[in-house]
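The residues making up each chain are set out below.
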Amino acid sequence: MKLNPSGTHRCLYGHSWIFDNEFKKPDDLDPGAEVDVADARGRFIGRGYFNPASKIAIRLFTRSSRATLTTDFFMKRIVQARDARKSFLPEDEPRRIVFSEGDRLPGVVADMYGSAIVVQILTLGMDLRRERIVEALMSVYAPDAIYERSDVTSRSREGLPERKGDLIGSIPERIELSTDGVRFAVHPKTGHKTGCYLDQRFNRRRFAEFAAGGRVLDAFAYQGLFGVYAGCAGASEVLAIESSDEACRELKDNADLNGRPVELMRANVFDTLKLLESEGRRFDLISLDPPSFTKSIGASSNAKRGYKEINLRAMRLLSEHGILFTSSCSFHTDRESFIDSLSEAACDSRRIMQLIELRSASPDHPVRMEVPETDYLKCAVLQARE
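Residues numbered from 1 in each chain as written. Predicted model: local features only at pLDDT ≥ 70, side-chain atom pairs only at ≥ 80, totals over all residues. Heavy atoms only, no water.

Trainee: So what exactly am I meant to see when it comes to the layout of surface pockets here?
Mentor: Taking a probe equal in size to a water molecule and rolling it over the atoms shows the remaining empty space. In this structure, the second largest pocket occupies an estimated 210 Å³ of space. As for the second largest pocket, its lining consists of Phe331, Thr333, Asp334, Arg335, Val367, Arg368, Met369, Val371, Pro372, Glu373, Asp375 and Lys378. The residue makeup of the lining of the second largest pocket, split by class, is five nonpolar, one polar and six charged. (1 Å grid on protein atoms, 1.4 Å probe; cavity = no way out; pocket = protein on both sides within 12 Å on 5 of 7 lines; lining within 4 Å. Points joined across faces, edges and corners; volume = space filled by probe spheres on them. Nonpolar A, V, L, I, M, F, W, Y, C, P; charged D, E, K, R; others polar.)

Structure (structure tokens):
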């Protein structure tokens, strides 16, 4: 299959995606089939799998003309992903073991929780090869259970229904775990994503370094791990704001597991930040970890306004020399736009804010330089200056 002679093709520079307007679609190729891709002059670029129903019509999985999506291929990539993580994370702790394009297995995400794996299969090409993926995960990790959480709306863009359920064995409703000496529980069948947000682990660890003796606010708390980390590090008080009843129950459970009191407000964060400001509350350390404000490029301007608003409110709640950890998990909001939002918020808040660090996801969510979408999580660390 040849790329069109005109246009800018990111795949020529290492990207995995080829869009449906970048080549002429064949009439005789089955959905999910493997396909060789060449440039306009016929020079081989890589192999991918094809889905005519998706805007991303081809996802490249290799630059080798000999590779194919066999069980052995999946095993090789999973082992490579495992070995790449050994320098950063203990193998007996929860971690992401496969990160889609980041580990050159586009459309596959897998997290390890104790002796269980939770897997998401997001694309048609990988969905058709589910049994091989499961066989490879079993061979490399030998888990007690593998559970599928492919209950994500993005599957509809691939022409796939949502699906969840046991693939191997039976996974518990609740799994108790520990990272960095902090205990917490995940609910793989009902929690967000695969049951927990593992991508913020290193940022939570860094957050806790500023917590001793301080007043801490954990906004958009979900399971409360920023706040619980801070409590375990010696914070004098922790206030968590979360709007979901289920998440509030999980948050309380996590606080109790560590014996750390957390003041919990089940409320809308935007409204509550305004209320706290009006009450004169101040915090030495704040985490803002909102859900994605945009699912598409077209909504990015609204997202920028949303990030500006919540950060403005948080900046006004900081004590003298207080520190704000603020995150964006949307790859449609790039780092430059995110920083612009924070700069505008600082200006409107009438606070002097110093950028201390700009952080990313933990290294079990590898960022490929040629695939900017893998750099989805931005975490800015700001300090108020007087």
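Trainee: Where do I start with the nonpolar core in this structure?
Mentor: What tends to happen in soluble globular proteins is that the nonpolar side chains get buried as a cluster. Counting residues in each nonpolar core, the largest one holds 29 residues, and the members touching the most others are Leu217, Leu273, Ile286, Leu288 and Leu324. Within the residue set of this core, elements represented by two or more residues are strand E12 (215-219), strand E13 (237-242), helix H7 (269-278), strand E15 (283-288), helix H8 (300-317), strand E16 (318-328), helix H9 (335-349) and strand E18 (378-385). Counting residues per element, this core draws most heavily on H8, at seven residues. What isoleucine 286 contacts, discounting residues up to four positions off in sequence, is Phe207, Leu217, Ala314, Leu317, Leu318, Ile323, Leu324 and Phe325. (Core = buried A, V, L, I, M, F, W, Y, C linked by side-chain atoms within 4.5 Å. Buried < 20%, exposed > 50% of the residue type's maximum accessible area, 1.4 Å probe, protein only. Helix = DSSP H or I, 4+ residues; strand = E, 2+ residues; numbered from the N terminus. Contact = heavy atoms within 4.5 Å.)

Trainee: Could you clarify how one ought to interpret the packing of helix H5 (residues 225-232) against helix H6 (residues 245-258) in this entry?
Mentor: A pair of packed helices can be characterised by two numbers: the angle between their axes and the separation between those axes. Relative to each other, H5 and H6 sit at 15°, their axes nearing to 10 Å. Here H5 lies roughly parallel to H6, going by the angle between them. The two elements H5 and H6 meet at a crossing, and its hand is right-handed. Residue-level contacts link Leu225, Val228 and Cys232 of H5 to Asn254, Ala255 and Asn258 of H6. Classifying every residue of the contact of H5 with H6 by side-chain character gives four nonpolar, two polar and no charged. (Axes fitted to C-alpha atoms, helices over the stretch in contact; angles between N-to-C directions. Parallel < 35°, antiparallel > 145°, perpendicular 65-115°, else oblique. Left-handed = near helix turned anticlockwise from the far one by under 90°.)

Trainee: Which parts of the structure should I look at to understand the side chain of serine 54?
Mentor: Along the chain, serine 54 turns up in the loop between strand E3 (44-50) and strand E4 (56-62). Residue classification places serine 54 among the buried residues on the basis of a relative accessible area of 5%. For serine 54, the side chain forms a polar contact with the side chain of glutamate 158, separated by 3.0 Å. Residues contacting serine 54, with those up to four places away along its chain left out, are Asp20, Arg157 and Glu158. (Polar contact = N/O pair within 3.5 Å; in protein donor to acceptor, adjacent residues only side chain to side chain.)

Trainee: Looking at this structure, I do not really get the sheet that holds strand E7 (residues 116-121). What am I missing?
Mentor: Neighbouring strands of a sheet are bound in pairs by backbone hydrogen bonds; such pairs are parallel or else antiparallel. Spatially, five strands are ordered E5-E6-E7-E8-E9 in an open sheet, and the strand pairing comes out mixed. Looking at which strands have only one partner, the edges of the open sheet turn out to be strand E5 (95-99) and strand E9 (163-168). Neighbour-to-neighbour, the strand axes of the sheet open up by a mean angle of 20°, direction not taken into account. In the sheet, E5 pairs with strand E6 (residues 108-113) via four bridges, with the strands oriented antiparallel. In the strand pairing of E6, phenylalanine 99 is matched with valine 109. (Pairing = 2+ DSSP bridges.)

Trainee: How should the environment of alanine 221 be read in this particular structure?
Mentor: Assignment of secondary structure puts alanine 221 in the loop between E12 and H5. Judged by its relative accessible area of 8%, alanine 221 is buried. Residues alanine 221 and asparagine 51, spaced 170 residues apart in sequence, show a C-alpha to C-alpha distance of 38 Å. Dropping the residues within four chain positions of it, alanine 221 is found in contact with Ala240, Ile241, Glu242 and Leu251.

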